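Spelled out, the chains give:
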Amino acid sequence: MRIKIAAGNWKMNLTYDEGKQLTEEIVNSEIPADVQVILGVPAIALARTACLAEDNSNVHIAAQNCHHIASGAYTGEISIPMLKSIGINHVIIGHSERRELFNESDEFLKLKVDALLEAGLTPIFCCGEPLNVREDGGQNEYVKAQFENSIFHLSGEQFSQLIIAYEPIWAIGTGVTASPQQAQDMHSYLRSLIEEKYNNDIANGISILYGGSVKPNNAEEIFGQTDVDGGLVGGASLKSETFVPIINSFS
Ligand code: PGA
């Protein structure tokens, strides 16, 4: 059985007090025992938000980024040992906004994945194609290249530590969701790639999340697809009225 995951990505939203209230509402909601909730909160709030969630074993706090070097002259960056020292175990890596707005390359993301696994943290590895690639029907090759360049060098044991998030860029923050069938097709393709590269057990054991305009009114159908194990949710994760129903959208 794969782990069902409802992950939120707050991006650069919410003041500390707003995030505190949201975290408390989520932590105090009834989360199904078999669902893992992961909140990707801004770096400045990680330590205090982690404390708010520490008594609920279903809720984990994730960083939205990290640097791959342990310490040094990298003004403004946050290292993995720093995250580890405040109890953070998950880090979102390679979100399309980091790739596009901050020029993070596949090669750079590979360094981050390696450093996280080395430190025993879980990367939530994001992948996904832009609109023009989808329109040309090149999405499978595009995402395959992202895997080959950043994560297919891992051993099987390392690979099975990852959480994958497929997020077609054209569906992020646009209100346009991939259809449940489009999500299923890509997830099943990715699972077949993983099986080819590693083996059936690893392919069937890894959680692959869908991201891109997941809302309370579409989550159930998307999460109901055979190869979709949950979601990475942006806008709808900023309010408990929308995120709690998403957490409860697994059948
Ligand atoms: P969205 O963002 O749900 O607002 O589309 C998803 C994401 O960027 O992870």
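In what follows, the structure referred to is the one given above.
Criteria and cut-off values
Residues numbered from 1 in each chain as written. Predicted model: local features only at pLDDT ≥ 70, side-chain atom pairs only at ≥ 80, totals over all residues. Heavy atoms only, no water. Helix = DSSP H or I, 4+ residues; strand = E, 2+ residues; numbered from the N terminus. Rg over C-alpha atoms; globule rule 2.2 N^0.38 Å. Contact = heavy atoms within 4.5 Å. Areas by Shrake-Rupley, 256 points an atom, 1.4 Å probe, with all protein chains shown as cover. Lys, Arg positive; Asp, Glu negative; His and termini not counted. Charge placed at Lys NZ, Arg CZ, Asp CG, Glu CD. 1 Å grid on protein atoms, 1.4 Å probe; cavity = no way out; pocket = protein on both sides within 12 Å on 5 of 7 lines; lining within 4 Å. Points joined across faces, edges and corners; volume = space filled by probe spheres on them. Nonpolar A, V, L, I, M, F, W, Y, C, P; charged D, E, K, R; others polar. Near = heavy atom within 4 Å. Polar contact = N/O pair within 3.5 Å; in protein donor to acceptor, adjacent residues only side chain to side chain. Buried < 20%, exposed > 50% of the residue type's maximum accessible area, 1.4 Å probe, protein only. Arc of directions from axis to C-beta. Expected span 1.5 Å × (residues − 1). Axes fitted to C-alpha atoms, helices over the stretch in contact; angles between N-to-C directions. Parallel < 35°, antiparallel > 145°, perpendicular 65-115°, else oblique. Left-handed = near helix turned anticlockwise from the far one by under 90°.

(A) Representation of the overall build of the protein chain within the structure. Counting secondary structure elements, the protein chain contains 12 helices and 8 strands. Relative to its length of 251 residues, the protein chain is compact, with a C-alpha radius of gyration of 17 Å against a globular reference of 18 Å. Expressed as lengths along the three principal axes of its C-alpha atoms, the size of the protein chain is roughly 45 × 45 × 35 Å. The long-range fraction of contacts in the protein chain, counting pairs at least 24 apart against all pairs at least 6 apart in sequence, stands at 70%. Within the structure as shown, the protein chain displays about 11,300 Å² of accessible surface, and the carbon and sulfur contribution to it stands at 48%. Seen as two clouds, the 16 positive and the 32 negative side-chain charges of the protein chain have centres 3 Å apart.

(B) Inspection of empty space enclosed by the protein at higher detail. If you walk through the whole model with that rule in mind, you get 1 cavity of 30 Å³ or more. Looking at the largest cavity, its volume works out to about 40 Å³. If you trace the largest cavity, you find it lined by Gly94, His95, Ser96, Arg99, Cys126, Cys127, Gly128, Gln146, Glu167, Ile169 and Ile172. Sorting the residues of the lining of the largest cavity by element identifies α4 (96-101) and β5 (122-127) as the ones contributing at least two each. Each residue belonging to the lining of the largest cavity can be placed in one class, and the counts come to 4 nonpolar, 5 polar and 2 charged.

(C) Representation of the site of the ligand in the model. Lys11, His95, Glu167, Gly173 and Ser213 are the nearest of the 13 residues found near the ligand. Contact between the ligand and lysine 11: an oxygen atom at 2.7 Å from a side-chain N or O atom of the residue. Alone, the ligand offers 280 Å² of accessible surface; in the complex the protein occludes 97% of this. Across the shell around the ligand, the residue classes tally to 4 nonpolar, 7 polar and 2 charged.

(D) How the structure looks around helix α12 (residues 240-247). Taken together, the buried positions of α12 are occupied by Ser240, Phe243, Val244, Ile246 and Ile247. For α12, the buried positions fall inside an angular range of 160 degrees around the axis, keeping them on one side. Contacts made by the buried residues of α12 are with β1 (4-9), α1 (16-27), β2 (35-40), α11 (219-223) and β8 (230-233).

(E) Here's a closer look at helix α7 (residues 139-150). Here α7 contains 12 residues, and its C-alpha end-to-end distance of 17 Å stays within 8% of the 16 Å for a straight helix at 1.5 Å per residue. Buried within α7 we find Gln139, Val143, Gln146, Phe147 and Ser150. The arc that holds the buried residues of α7, viewed along the axis, is 95 degrees, so those residues lie on one side.

(F) Local environment of the packing of α1 against helix α2 (residues 46-53). Remark: α1 packs on α2, axes separated minimally by 10 Å, with the N-to-C direction vectors making an angle of 20 degrees. One finds that α1 runs roughly parallel with respect to α2. Considering the relative orientation of α1 and α2, their crossing is right-handed. The segment α1 lies against α2, with Tyr16, Lys20, Thr23, Glu24 and Val27 engaging Arg48, Thr49, Leu52 and Ala53.

(G) Representation of the layout of surface pockets. In this model, the largest pocket occupies a volume close to 700 Å³. Lining the largest pocket are 29 residues; nearest its centre among them are Lys11, Met12, Pro42, Gln64 and Arg98. Broken down by secondary-structure element, the contributors of at least two residues to the lining of the largest pocket are α2 and α4. With 3 residues, the single largest contributor to the lining of the largest pocket is α4.

(H) Seen up close, the environment of proline 32. By the element assignment, proline 32 lies in the loop between α1 and β2. Using a relative accessible area of 26% as the deciding quantity, one classes proline 32 as partly exposed. Sequence separation between proline 32 and asparagine 248 is 216 residues; the distance between their C-alpha atoms is 7.0 Å. Apart from residues lying up to four places away in sequence, proline 32 is in contact with Asn58, Ile247 and Asn248.

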